[in-house]
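# Overview (structure and organization)
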Amino acid sequence: LTISGSTSNDGSYEVLASATGYVEVAAGSLSTEVAGDQVVLAGATGGSISDLFQNCVIDVYSGAQPTTADAAETTTSVKLFTVTLSSGAFSAGSPVNGINFGEVSTGILSKESGETWSGVGVANGTAGWFRIYDNAYTTGASSSAIRLDGTVATSGAQFNMTNTTVSTGATSTVDSVQLTLPAV
């Protein structure tokens, strides 16, 4: 739980329990607020894969996929386009035009219904793999960035497009995304 706008309690706190009308945090971790103060309580993300990738973006590449999502985007790959909400401009850290996943159903994570996922080509090539970046959009090698990679095809892949040929200036639309999550 994150608190902001308070006189003495701004910060993040672990929620120990909750029920209608109250939230319990560790004893002694909060100070008494001035009567009438208004604070903002925000729930932390990270409870699910959908939460981790809320308002995310996806870069689509040609070439060879790296061995892990921790590795830098390879020098043999070319970024073809960035998938945003209806091809809108995206700035890291802002929810504007970020895309979302729906709830997991039978172990499959899919794109949010009602969202149009698309991007405008920045290079010519054939889409072969993708990288999903969380809203922070950390590129390059990183063992702490929240992201994952997968394959692109016209069908049967984790990320399906009507046509995998991308042209500079042309809009490409993502028809479906189906990421199978491992059983816990």
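Preceding block: the structure.
This one's a predicted model, so the numbers in the text were calculated from it and none came from an experiment. (Residues numbered from 1 in each chain as written. Predicted model: local features only at pLDDT ≥ 70, side-chain atom pairs only at ≥ 80, totals over all residues. Heavy atoms only, no water.)

### So, the side chain of asparagine 100
Here is the rule we go by: Each helix is a run of DSSP H or I of at least 4 residues and each strand a run of E of at least 2, with the numbering of both proceeding from the N terminus. What qualifies as a polar contact is a pair of N or O atoms within 3.5 Å, subject to a donor-acceptor requirement within protein and to the restriction that residues adjacent in sequence count only when both atoms come from side chains.
Mapping asparagine 100 onto the fold places it in the loop between β7 (78–85) and β8 (108–110). Separated by 2.8 Å, the side chain of asparagine 100 and the backbone nitrogen of asparagine 55 make a polar contact.

### Some words on the packing of aromatic side chains
So the rule is basically this: The pairing test for Phe, Tyr and Trp rings, Trp by its six-membered ring, is centres within 6.5 Å, and the orientation test on the planes gives stacked under 30 degrees, edge-to-face over 60, and tilted for anything in between.
Within the structure shown, the criterion is met by six aromatic pairs. Seen in terms of ring centroids, phenylalanine 101 and tryptophan 117 are 5.3 Å apart; in terms of plane orientation they differ by 90°. Their pairing is edge-to-face. Taken together, the residues span a long stretch of sequence, with phenylalanine 101 in the loop between β7 and β8 and tryptophan 117 in strand β9 (residues 117–120) at a distance of 16 residues. Following the ring pairs from residue to residue traces out a cluster consisting of Phe53, Phe101 and Trp117.

### Quick notes on the side chain of asparagine 135
What counts, and what does not: We call a residue buried when its accessible area falls under 20% of the maximum for its residue type, exposed when it is over 50%, and partly exposed in between, using a 1.4 Å probe and counting protein chains only. Only heavy atoms enter the contact rule, under which two residues are in contact if any of them lie within 4.5 Å.
Relative to the elements of secondary structure, asparagine 135 occurs in the loop between β11 (129–133) and β12 (147–153). Under the relative-accessibility criterion, asparagine 135 is labelled buried at 16%. A polar contact is formed between the side chain of asparagine 135 and the backbone oxygen of asparagine 55, at a distance of 2.7 Å. Asparagine 135 has contacts with Gln54, Asn55, Cys56, Phe90, Ala92, Gly93, Ser94 and Pro95, leaving out every residue within four places of it along the chain.

### Let's talk about the pairing of strand β6 (residues 57–62)
Our working rule: One bridge is not enough; two strands pair if DSSP finds at least two bridges between them.
In terms of burial, β6 is largely enclosed, as six of its six residues are buried. Residues Val57, Asp59 and Tyr61 of β6 are buried on one face, and the alternating residues Ile58, Val60 and Ser62, pointing to the opposite face, are buried as well. Direction of pairing for β6 relative to β11: antiparallel, over a ladder of five bridges. Paired with valine 57 across the strands is tyrosine 133, a residue of β11. As judged from the five bridges shared by β6 and β7, these two strands associate in the antiparallel manner. Within β7, the residue paired with valine 60 across the bridge is phenylalanine 81.

### Some remarks on the environment of threonine 32
Locating threonine 32 in the fold gives a position in the loop between β4 (22–25) and β5 (40–42). Look at threonine 32 and you get exposed, because its relative accessible area is 76%. Between the C-alpha atom of threonine 32 and that of threonine 7, which follows or precedes it by 25 residues, the distance is 9.2 Å.

### Re the nonpolar core
Spelled out, the test is: Nine residue types can take part in a nonpolar core, namely buried Ala, Val, Leu, Ile, Met, Phe, Trp, Tyr and Cys, and a core is a set of them joined through side-chain atoms within 4.5 Å.
Ranked by size, the top nonpolar core spans 22 residues in total, and within it Ile58, Val60, Val83, Phe101 and Phe159 carry the most contacts. Broken down by secondary-structure element, the contributors of at least two residues to this core are β6, β7, β11, β13 (159–161) and β15 (171–180). Excluding residues within four positions of it along the chain, valine 60 makes contact with Val78, Lys79, Leu80, Phe81, Val83, Ala127, Trp129, Phe130, Val152 and Phe159.

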